[in-house]
Amino acid sequence: MASEEAKTTTTKMTTTKTMKTTTTEATAVTSAAAAAAAEKASATRAWATRLVVVGIVLAALNLRPAITSLGALLEEVRDGLGMSGTLAGLLTSVPPLCFAVFGSLAPRFARRFGPSAVVCAGMAAIATGLLIRPFLGGTVGFLAASGLALMGIAVSNVLMPVIVKRWFPDRVGSMTGLYSMALALGTSLAAAVTVPVTDALGGSWRTGLAVWAALAVVAVVPWIPLARRRGADPAVAGQERAAAGREDAATGRKPSAAPREDEGMRITHSRTAWALACFFGLQATAAYITMGWLPQIFRDAGVPAGEAGVLLAVTMAMGVPLAFVIPRVATRLSHQGPVVVALGACGLAGYAGLYFAPAGGAWAWALLCGVSNCAFPLALTMVGMRARSSVGVAKLSAFAQSTGYLISIPGPLLVGVLYQHSGGWGLPIALMACLMVPQIAVGILAGRDRTIEDEVAAKAAAAPAGA
């Protein structure tokens, strides 16, 4: 009997040991599987991040050649299509109009299809529009194809800050600087080489404009796999929440101050949003007048066409180093007003030079106008700084850019009208100088250390008390 009990006890002990061993092995297998899955997810995440960086750079390179290549050949296009000065002014106003209309739709497209898919479609639209616009025949066809390319630019303009905030919440300044530097490089490259490339390809302005479609085709490639990654990457969302938490701890803000996405944020209740929209609009006015008319100002002063294109390229090239430096400096300041004032002062000095001695100091005026145009990367940086989440950045980016580009529409058109009816550049340049003053004022307001979420929440909290 005792022997049987001993055997039973031994059997139970063996069974228990076997179960423990099995459980341990299963736990080890599960841990190994989890570790392998985590390693695979980390590798996928690293690959996707590198692809996003490449995609951002290539997309940025394509956001201005459609405009600056046209500026370099504007006189040839006017002659070829039979445009008047007023109609040419209208042509230079088309970019901000398209940016305002289509840029406002970008957040809606992004919610439905994902930001990466929308940018991918935007690059395809740029490539198609640039390829067909010189060959459709007539002004209407040229404007329609330009509108297609500008639609792609518009949605990408709005969504680039969103993608930067989503993928790189801890590096908004440096990534905005990289994006802005690539944008400036594409802008200056198109201005510098369009005329020489046109001459090398037989002298036809149609070929000289169409060649830029090739760069846009290349930009589509990295966004195709990213477009398939529908929705936000969990790792990205975690980084964004962590970054927001660190900002709350550093500034003393309460996390509850930021409205949830489903609460609906009325961005028009934010004074900072309005100030940033006006700043964006006025700097865009100056930029598009510069891109559309600066070569013509120099050519009318006796500067050869090729040199005038190079001068525009110099103006745009100033943004290559400064577009990387300015966002990094801006993110280290609690108030971006001093940067706004410095850039505005350079603009005023450049316009004074264009007024009094356009040919004599052409290179100096081109450099000063180039420094002033770096208000654009500053505005993009403030978009990322004045909102606390990717949702807020999307709303602010769409509002500031759409409203800003609406504000900028009359500027290039008015310059064309004044140029045609006054017979010179005195009045247009005086207008440009006068617009720089309010740009500085609203830029100082937009540079204050606050967020749109806090302003909207404060206004909502104060509403019942005032009722």
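Cut-offs applied
Residues numbered from 1 in each chain as written. Predicted model: local features only at pLDDT ≥ 70, side-chain atom pairs only at ≥ 80, totals over all residues. Heavy atoms only, no water. Helix = DSSP H or I, 4+ residues; strand = E, 2+ residues; numbered from the N terminus. Buried < 20%, exposed > 50% of the residue type's maximum accessible area, 1.4 Å probe, protein only. Contact = heavy atoms within 4.5 Å. Areas by Shrake-Rupley, 256 points an atom, 1.4 Å probe, with all protein chains shown as cover. Phe/Tyr/Trp six-rings, centres within 6.5 Å; stacked < 30°, edge-to-face > 60°. Lys NZ or Arg CZ within 6 Å of the ring centre and 35° of its normal. Lys, Arg positive; Asp, Glu negative; His and termini not counted. Salt bridge = Lys/Arg side-chain N within 4 Å of Asp/Glu carboxyl O. Polar contact = N/O pair within 3.5 Å; in protein donor to acceptor, adjacent residues only side chain to side chain. Axes fitted to C-alpha atoms, helices over the stretch in contact; angles between N-to-C directions. Parallel < 35°, antiparallel > 145°, perpendicular 65-115°, else oblique. Left-handed = near helix turned anticlockwise from the far one by under 90°. Nonpolar A, V, L, I, M, F, W, Y, C, P; charged D, E, K, R; others polar. pLDDT = per-residue confidence, 0-100. Core = buried A, V, L, I, M, F, W, Y, C linked by side-chain atoms within 4.5 Å. Expected span 1.5 Å × (residues − 1).

## Section: the overall build of the chain
Within the chain, the regular secondary structure consists of 21 helices and 0 strands. For the chain, buried positions account for 51% of its 467 residues. Partitioning the intrachain contacts of the chain with sequence separation of at least 6 by distance along the chain shows that 85% fall at a separation of at least 24. Accessible surface, the chain as shown: approximately 19,600 Å² in total, 67% of it carbon and sulfur.

## A closer look at the packing of aromatic side chains
Centre-to-centre distance and the angle between the planes together describe a pair of aromatic rings. Under the definition given, this model contains 11 aromatic pairs. Relative to Tyr-405, the ring of Tyr-288 lies with its centre 6.2 Å away and its plane at 65°, an arrangement referred to as edge-to-face. Of this pair, Tyr-288 sits in helix α12 (residues 271-300) while Tyr-405 sits in helix α18 (residues 390-408), and the two are 117 residues apart along the sequence. Members of the aromatic cluster, joined through ring pairs, are Phe-99, Phe-280, Tyr-288, Phe-376 and Tyr-405. Note that Arg-64 overlies the ring of Phe-376, its terminal NZ or CZ placed 5.1 Å from the centroid.

## Notes on the side chain of Glu-453
Here Glu-453 lies in helix α21 (residues 452-466). Although buried, Glu-453 forms no salt bridge, and the nearest oppositely charged side chain, Arg-388, lies 5.5 Å from it. In this structure the side chain of Glu-453 is engaged in a polar contact, spanning 3.0 Å, whose partner is the backbone nitrogen of Arg-388.

## Describing the packing of helix α7 (residues 138-167) against α18
Contact pair α7 / α18: the axes reach a minimum separation of 9 Å and the direction vectors enclose 160°. In terms of orientation, α7 lies roughly antiparallel with respect to α18. Seen along the crossing, α7 lies across α18 with a hand that is right-handed. Along its contact with α7, which presents Asn-157, Val-158, Pro-161, Val-162, Lys-165 and Arg-166, the element α18 presents Ser-390, Val-393, Ala-394, Ser-397, Ala-398, Gln-401 and Tyr-405. Residues of the contact of α7 with α18, tallied by class, amount to 7 nonpolar, 4 polar and 2 charged.

## Focus: the confidence of the model for the chain
Scored by pLDDT, the chain comes out at a mean of 81, with 81% of its residues at no less than 70. Element-level pLDDT for the chain is lowest in helix α11 (residues 234-251), with a mean of 46, against a maximum mean of 96 in helix α15 (residues 337-356). Here residues 231-244 scores under 50 on pLDDT; set against residues more than four positions off or in separate chains, the count is 19 contacts. Every residue in residues 246-263 is under pLDDT 50, and counting partners more than four places away or in other chains gives 23 contacts.

## Description of the pattern of salt bridges
Under the counting rule described, the total for this entry stands at 2 salt bridges. Taking the shortest distance from any N to any O, the salt bridge between Glu-76 and Arg-299 comes out at 3.6 Å. With Glu-76 in helix α3 (residues 74-81) and Arg-299 in helix α12, this residue pair connects regions lying 223 residues apart in the sequence. Linking Asp-454 and Arg-388 is a salt bridge whose minimum nitrogen-to-oxygen distance equals 3.9 Å.

## Quick notes on the side chain of Thr-176
Positionally, Thr-176 belongs in helix α8 (residues 172-200). In this view, Thr-176 contacts Val-164, Ala-323, Pro-327, Pro-377, Leu-380 and Thr-381; residues no more than four positions away in its chain are not counted.

## Overview of the nonpolar core
Judged by nonpolar contacts, the single largest core of 129 residues is most densely connected at Ile-56, Val-77, Trp-223, Phe-279, Leu-354 and Leu-378. For this core, the leading source of residues is α12, giving 17 residues. In this view, Val-77 contacts Leu-70, Gly-82, Met-83, Phe-142, Trp-205 and Leu-209; residues no more than four positions away in its chain are not counted.

## Some thoughts on helix α16 (residues 362-372)
Working note: α-helix, 3.6 residues per turn, so residues spaced by three or four point in the same direction. Buried within α16 are the following residues: Ala-362, Trp-365, Ala-366, Cys-369, Gly-370, Val-371 and Ser-372. Looking at the buried side of α16, the elements it contacts are α12, α13 (305-317), α14 (319-331), α15, α17 (375-385) and α20 (426-446).

## Observations regarding α18
Here α18 is 19 residues long and its end C-alpha atoms lie 26 Å apart, about the 27 Å a rise of 1.5 Å per residue gives. With 15 of 19 residues buried, α18 is to be regarded as a mostly interior element.

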